[in-house]
Amino acid sequence: MRPGMRPGTRPGYAGRVRDPAGAGLPARSCLGPPNGRWLSSAVTGTSTPTPTPARRATRIFADLTPLRTSADYRRLWVGSTISWMGQAMTALAISLQVYDITGSSFSVGLVGLFSLVPLVAFGLYGGAIADTVDRRKLGLYSSLGLTALSIALAGAALLGYHRVWLLYSVVALQAVCGALNGPARSAMIPRLLPTEQLPAANALNSVTMTSGTMIGPVLGGLIVGWWGYQAAYLIDAVTFCAALYAVWRLPAMLPEREGGKRGRASVLDGLRFLGTRPNIRMTFFSDMAAMVLAQPKALFPAIAVLWYGGDAKTVGLLVAAPAVGALLGGLFSGWQGRIRRHGLAILISVAAWGLAIAVFGLTRNLWLGLFFLALAGWADTISMVFRSTMMQAATPDEMRGRLQGVFIVVVAGGPRLGDFLAGTTADLTSPAVAITGGGLGCVLVLLLLALRWRGFARYDARSPQA
């Protein structure tokens, strides 16, 4: 390792950027702008040269620099993209099989409960384990566990052993493996890439999650219809081979601790650390404001009928619209790498989510409603990219797993609380009041949070402070 290099970075990458031709240039060049003019932005927090039309086009689309510069990250991203689709296929197949066995929608709903409870319960502890052991081994063993569970599902289906308790048990164990795998993988990324590439990497990860969530269930439904449940489960097991290979090729990734100390990481120490870091804490507060107060998904079946006179296909469109917006947000994310004021960007994007949901609650035209839902999904992706980047860049390596565990709990539990709040408010008042009031409530709470912790809006990625 060269003197002064950040541990985990590769020689030649740190402190360098890429020009369109692929040549490495110093991050702070003394040559000046190519056309002699500089532009400033309150959000970017830096001066940038006026781009030519060709360069402007390349900056609109997702930045692929992390895929080009790091073979380890490239393999990890490809493996995660393939396996994520397989997991989405299995999730749909399990729901279909539970309904096929029981004929009960309530039993299908319990699938989500058996997944949520272990994910929340083990999320914090999975993060603590990721801050204790070699993250490569943790990611490898938890991926092997998920592979074995998919094989078990396929074997049971092939043998004709159709039992609901088995499906519920597998779902719960999948959640436990996911709670171990997620913090380990997320904590690896800052070790594979320089800090300036983290926004691009998180945008690419959003494309993985959104595309898998959209495409996986479609493929799962087709495969179950053509070849049965066992085929979907076997394909899922095969897709994990890509993830296993990617993690197996990584170097060892023990947490970097101050003074080189070793020992078991404490969940309470992670929570205490979070309590003393207002900027990181604000990323969670802002996300909770959006997910709890402005979460209309539980009301889609009702408003599809009451507002649009539709049916199940209308519900499908309403569910798909935010995902489409989120996918577009990831595909057109090239500009995000130039943003330096990450806190301000989070505040703006979360406010945009709340306002888009509020306006959606006032619409009675289906296509206009879908537009605002897609806009909300786009804003959510922007928020997610900068929240993840801030947490990775401003957190010491020894704490990244535990904070990612908190992130899992927030992401898993927040929308469920939001569904409960929206459903309760709609029953007491109306769906319109629940949705529009929730969106405006999100913006109001966000404003109060921003006034309470004013330093969050001034957060600068060039000198990350948790």
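Everything numeric in this text was worked out from a predicted model, so none of it was measured.

**Student:** Is there a simple way to think about the side chain of S70 in this case?
**Tutor:** Positionally, S70 belongs in the loop between α2 (65-69) and α3 (71-102). What makes S70 buried here is its relative accessible area of 0%.

**Student:** Any chance you could explain the pattern of salt bridges here in plain terms?
**Tutor:** Any two side chains of opposite charge can pair if their charged atoms end up close together. All told, the structure shown has 12 salt bridges when counted by the stated rule. Two residues, R402 and D131, come together in a salt bridge whose shortest N-O distance is 2.8 Å. With a gap of 271 residues between them, R402 in helix α15 (residues 397-428) and D131 in the loop between α4 (105-130) and α5 (135-158) connect regions that are remote in the sequence. As far as the burial class goes, R402 and D131 line up, both buried.

**Student:** Explain the confidence of the model for the protein chain here, please?
**Tutor:** One rule of thumb: low pLDDT means the predicted coordinates there are not for detailed reading. Averaged over the protein chain, the pLDDT score is 86; the fraction of residues at 70 or greater is 86%. Ranking the helices and strands of the protein chain by mean pLDDT puts helix α13 (residues 342-360) first, with 97, and strand β2 (residues 24-26) last, with 34. Considering only residues more than four positions removed or in separate chains, one finds that residues 1-50, a stretch of pLDDT under 50, has 80 contacts.

**Student:** Just to check I follow, could you spell out the nonpolar core for this structure?
**Tutor:** A general feature of soluble globular proteins is that nonpolar side chains tend to end up buried together. Core analysis: the largest hydrophobic core is formed by 52 residues, its most contacted members being F284, I303, L318, W353 and F360. Only α9 (267-275), α10 (278-293), α11 (300-306), α12 (312-331), α13, α14 (366-393), α15 and α16 (431-452) provide two or more residues apiece to this core. Apart from the residues lying within four places of it in its own chain, the contact partners of F360 are F300, I303, W307, Y308, L318, G369, F372, L373 and I435. Core analysis: the next-biggest nonpolar cluster, separate from the first, contains 25 residues, M89, V98, L167 and A232 among them.

**Student:** Would you mind showing me how to read α3 here?
**Tutor:** Helical geometry: 3.6 residues make up each α-helical turn, so side chains three or four residues apart lie on a common side. Look at α3: 47 Å from first C-alpha to last across 32 residues, which is about the 46 Å you get at 1.5 Å a residue. Looking one or two residues beyond α3, the residue adopting positive phi is G103, at roughly 70°.

**Student:** I keep staring at the packing of aromatic side chains and nothing clicks. Help me out?
**Tutor:** Each aromatic ring pair is summarised here by two numbers: the centre-to-centre distance and the angle between the ring planes. Scanning the model with the defined rule gives 11 aromatic pairs in all. Their ring planes at 85° and their centres at 6.2 Å tell us that W307 and Y308 sit as a pair that is edge-to-face. For W307, a relative accessible area of 14% gives the class buried. For Y308, a relative accessible area of 15% puts it in the buried group. Centroid distance F332 to W378: 6.2 Å. Interplanar angle 20°. Geometry classified as stacked. Placement of the pair is F332 in the loop between α12 and α13 and W378 in helix α14, with a sequence separation of 46 residues. Assessed through its relative accessible area of 26%, F332 is described here as partly exposed. For W378, a relative accessible area of 29% translates into the label partly exposed. Taken together, the ring pairs connect F300, W307, Y308 and F360 into an aromatic cluster. A cation sits over an aromatic face here: R163 above Y161, 4.7 Å from the ring centre. Looking at R364, its charged tip hangs above the ring of W307, at a distance of 3.8 Å from the centre.

**Student:** Sorry if this is basic, but what is going on with the packing of α4 against α15 here?
**Tutor:** Relative placement of two packed helices is described by the angle separating their axes and the distance separating the axes. In the contact formed by α4 and α15, the axes pass within 6 Å of each other and the chain directions differ by 165°. Classified by the angle their axes make, α4 and α15 are roughly antiparallel. Seen along the crossing, α4 lies across α15 with a hand that is left-handed. Facing L116, L119, V120, G123, L124, G127, A128 and A130 of α4, the residues of α15 in contact are G401, R402, G405, V406, I408, V409, A412, G413 and R416. Its residues assigned to classes, the contact of α4 with α15 shows 10 nonpolar, five polar and two charged.

**Student:** How should the side chain of S333 be read in this particular structure?
**Tutor:** By the secondary structure assignment, S333 is in the loop between α12 and α13. What makes S333 buried here is its relative accessible area of 5%. If we ignore the near neighbours within four places in the chain, the residues touching S333 are I60, F61, A62 and A203.

**Student:** Help me out: how do you make sense of helix α6 (residues 164-192) in this one?
**Tutor:** Taking 1.5 Å per residue, 29 residues should reach 42 Å; α6 reaches 41 Å between its end C-alpha atoms and fits that length. Along α6, 22 of the 29 residues are buried, which leaves the element largely enclosed by surrounding structure.

**Student:** Please explain the packing of α10 against α14 as it appears in this structure.
**Tutor:** Where α10 meets α14, the closest approach of the two axes is 9 Å, and the angle between their N-to-C directions is 155°. Taken together, the axes of α10 and α14 lie roughly antiparallel to each other. For the element pair α10 and α14, the recorded crossing hand is left-handed. Contact residues: α10 offers N279, I280, T283, F284, S286, D287 and M291, while α14 offers D380, R387, M390 and M391. Residue classes in the contact of α10 with α14 are distributed as five nonpolar, three polar and three charged.

Rules of the game
- Residues numbered from 1 in each chain as written.
- Predicted model: local features only at pLDDT ≥ 70, side-chain atom pairs only at ≥ 80, totals over all residues.
- Heavy atoms only, no water.
- Helix = DSSP H or I, 4+ residues; strand = E, 2+ residues; numbered from the N terminus.
- Buried < 20%, exposed > 50% of the residue type's maximum accessible area, 1.4 Å probe, protein only.
- Salt bridge = Lys/Arg side-chain N within 4 Å of Asp/Glu carboxyl O.
- pLDDT = per-residue confidence, 0-100.
- Contact = heavy atoms within 4.5 Å.
- Core = buried A, V, L, I, M, F, W, Y, C linked by side-chain atoms within 4.5 Å.
- Expected span 1.5 Å × (residues − 1).
- Phe/Tyr/Trp six-rings, centres within 6.5 Å; stacked < 30°, edge-to-face > 60°.
- Lys NZ or Arg CZ within 6 Å of the ring centre and 35° of its normal.
- Axes fitted to C-alpha atoms, helices over the stretch in contact; angles between N-to-C directions.
- Parallel < 35°, antiparallel > 145°, perpendicular 65-115°, else oblique.
- Left-handed = near helix turned anticlockwise from the far one by under 90°.
- Nonpolar A, V, L, I, M, F, W, Y, C, P; charged D, E, K, R; others polar.

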